[in-house]
Amino acid sequence: MHFDAFDRYHEKESFLHRLDPRVKVLVTVIFIVSNALLPDGAWIAFLFAWLFVLAANLFSQLGIGYSLKRSIIALPFALIAITVLFSMPGKPLSTFHFLMWNLTITDAGLLRFVSILIRAWLSVQMAILLVAVTRFPDLIHALEHLRVPAILTTIIAFLYRYLFVLTDEVFRLLRARESRSAAVPGSRSGGGVLWRAKVAGNMAGQLFLRSYERSDRIYNAMIARGYAGHLYTLNPHEMKSGDYFTTAFAVAVIFILQILGRL
Amino acid sequence: MLYTPAPLHIPDGFLSILVSVVCWAITIIVIGFAISKTNKALGEKQIPLMGVMAAFIFAAQMINFPVAGGTSGHLLGGALAAIVLGPWAGMLVMTAVIAVQALLFQDGGLLVMGANILNMGLVTAAIGYGLYRSVAGQSKTVKLTVVGIAAWLSVMAGALLTSLQLWLSGTSQLEIVIPAMLGVHALIGLGEALITVFALAFIIQTRPDLIGEGSESAKASRNWVFAGGIVSLLVVLLSPLASADPDGLERVAKDLGFLSVGQDAPYQVIPDYTVPFLGETALSTILAGVVGILVVGVIIVLIARGMKAKS
């Protein structure tokens, strides 16, 4: 497996790719907070927020529908919000029968449900775009600049660095289980659920030991190369005037969104 | 696929801004503690170790075993991380895992990340480690049994907290979300418990030196037992109560003013903020709550005393 197997970064020459990672993280977070602050049913503001996302897609050179294609990931969670359709007091819109309940959809409930979905959908698109135009190590570096404690960013950097190595390790374990699980066609191999859980547990324990021993070797190798407690980067981030201007512009647009939502 | 999203990760948009901010505040305070404790207790050696361990938890979540009807059990890892790495390091490791899941895979939101870390990283570690420490020095069977219970409870605690946050945000209805979430996670928790127990048994058998017993002072360990015990007790007491009588919980929250605060955005709360507990009925509810907390506290202290006397 290659080291960037998990990365969502798309190499392109674009305005968003060149932007300082701090700006991208900051604007993404402000945009998501702004979505959460918009009142229910602020359709015009939602529309403009969507246009903001579309514009960001355009500026990323990834194609206008890039974030849309991957935004389905947050949808299964919508199930959890479905109860507001029936529970908010309001004018009944339609009633239907489901299993043993008579469910009535109210207008207030529908308004709230759709608003929640739109907020989630807009927010996740911005987050998708963020990692598509920012290399993950740059993202971690930006978090460090934004005062996230160094111990956390270092752990995250290690997690990212060794994730693909340990994923390979997991695949080896899974392959080993597979190759020892021969079965007559039509019948299952192995014992009951408890036995299978024990096999999975032993695999997790084995993975732990291999990871632990690997971390020892990694540490020794790092000491040998002069590690003294913190990581250095050859890629110092510098805010240029264009970065400041973009931040100010994006914040102004989001501010106008908020006013539109309150009118 | 390499990575499959888990059901406890709340996406952005599903929690109100106030609930998100309060959860972030709690999470930041606890993580701050964890960082200062880890910095004090561990050398620079621990940082690569914790990083690789975070990758281990992430990768271990890919190990699954078929249960029935196409469903499979797999590991979330909060309790296991706290037991093998210690509570503070376990919390930091889980924080890193949840942060990467949100940043890289959009599994869980950014504004709600505080809530996700709290539900899946901090509470699970407190329960896992607290209950595990409470049986320090006991036989292996007792220990593994308690670890199983702790792993199951940690998943239930995460599910309960998630439900409460969704409800306070006005996203879900309490009488549906609590039984649904707790029902599903009672099963997910079984998978978690089985894998955690078998993994720990395997580690104890092959490398008993890795699971240190006396790394913490007696006082710190007692505090963990206390914290884990309280959270577990809350889950045990609150879950059946909330499932059986969600209206009761809703009424208490309404009387206390939680509901209006949670469901409105803060700019609406501040101008017409009224002190909610001046009403006579509300005052009595609060008194009842305080008495309840006192009773629970006394019971916990008595249990802790009894445990101390035994060990």
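Scoring rules and cut-offs
Residues numbered from 1 in each chain as written. Chains lettered and ligands numbered in written order. Predicted model: local features only at pLDDT ≥ 70, side-chain atom pairs only at ≥ 80, totals over all residues. Heavy atoms only, no water. Patch = residues over 30% accessible without salt bridge, like charges linked within 9 Å, V, L, I, M, F, W, Y side chains within 5 Å. Areas by Shrake-Rupley, 256 points an atom, 1.4 Å probe, with all protein chains shown as cover. Salt bridge = Lys/Arg side-chain N within 4 Å of Asp/Glu carboxyl O. Helix = DSSP H or I, 4+ residues; strand = E, 2+ residues; numbered from the N terminus. 1 Å grid on protein atoms, 1.4 Å probe; cavity = no way out; pocket = protein on both sides within 12 Å on 5 of 7 lines; lining within 4 Å. Points joined across faces, edges and corners; volume = space filled by probe spheres on them. Nonpolar A, V, L, I, M, F, W, Y, C, P; charged D, E, K, R; others polar. Core = buried A, V, L, I, M, F, W, Y, C linked by side-chain atoms within 4.5 Å. Buried < 20%, exposed > 50% of the residue type's maximum accessible area, 1.4 Å probe, protein only. Contact = heavy atoms within 4.5 Å. Polar contact = N/O pair within 3.5 Å; in protein donor to acceptor, adjacent residues only side chain to side chain.

**A few points about a nonpolar patch on the surface**
A cluster of nonpolar side chains, contributed by Trp-43, Leu-93, Leu-110, Leu-111 and Val-114 of chain A, occupies part of the molecular surface with about 400 Å² of accessible area. With respect to the element layout, Leu-111 of chain A can be found in helix α6 (residues 107-133).

**Topic: empty space enclosed by the protein**
All chains considered together, the criterion is met by 3 cavities of 30 Å³ or more. What the largest cavity holds in volume is close to 120 Å³. Along the walls of the largest cavity sit 16 residues, with Leu-8, Gln-61, Leu-76, Met-94 and Met-120 of chain B positioned nearest its centre. Mapped by element, the contributors of at least two residues to the lining of the largest cavity are α4 (87-105), α5 (113-134) and α6 (140-168) of chain B. In terms of residue count, the dominant contributor to the lining of the largest cavity is α4 of chain B (4 residues). In terms of residue class, the lining of the largest cavity is built from 8 nonpolar, 8 polar and no charged. Roughly 70 Å³ of internal volume is contained in the second largest cavity. Around the second largest cavity sit 12 residues that line it, and Val-124 and Ala-127 of chain A together with Asp-12, Gly-108 and Gly-109 of chain B are the ones nearest its centre. Counting residues per element, the lining of the second largest cavity draws most heavily on α6 of chain A, which supplies 4 residues. Classifying every residue of the lining of the second largest cavity gives 7 nonpolar, 4 polar and 1 charged.

**A few points about the nonpolar core**
Most often, soluble globular proteins have nonpolar side chains that are buried together. Counting 139 residues, the largest nonpolar core has Phe-136 of chain A together with Phe-14, Phe-56, Leu-92 and Leu-200 of chain B as its most contacted members. Those residues in contact with Leu-92 of chain B that sit more than four places away from it in its chain are Ile-151, Leu-152 and Ile-155 of chain A together with Ile-31, Ala-34, Ile-35, Thr-38 and Met-50 of chain B. Among the nonpolar cores identified, the runner-up in size contains 25 residues, and Phe-52, Tyr-66, Ile-128 and Ile-254 of chain A belong to it.

**A closer look at the interface of chain A and chain B**
Accessible area lost during the coming together of the parts is what is often quoted as the interface size. Chain A puts 78 residues into the contact, and the matching count from chain B is 67 residues. Run the count over chain A and chain B and you get 1 salt bridge. Arg-207 of chain B serves as the salt-bridge partner of Glu-213 of chain A, at 3.0 Å between the closest nitrogen and oxygen. Taken together, the connections running from chain A to chain B amount to 5 residue pairs in polar contact (both at pLDDT 80 or more).

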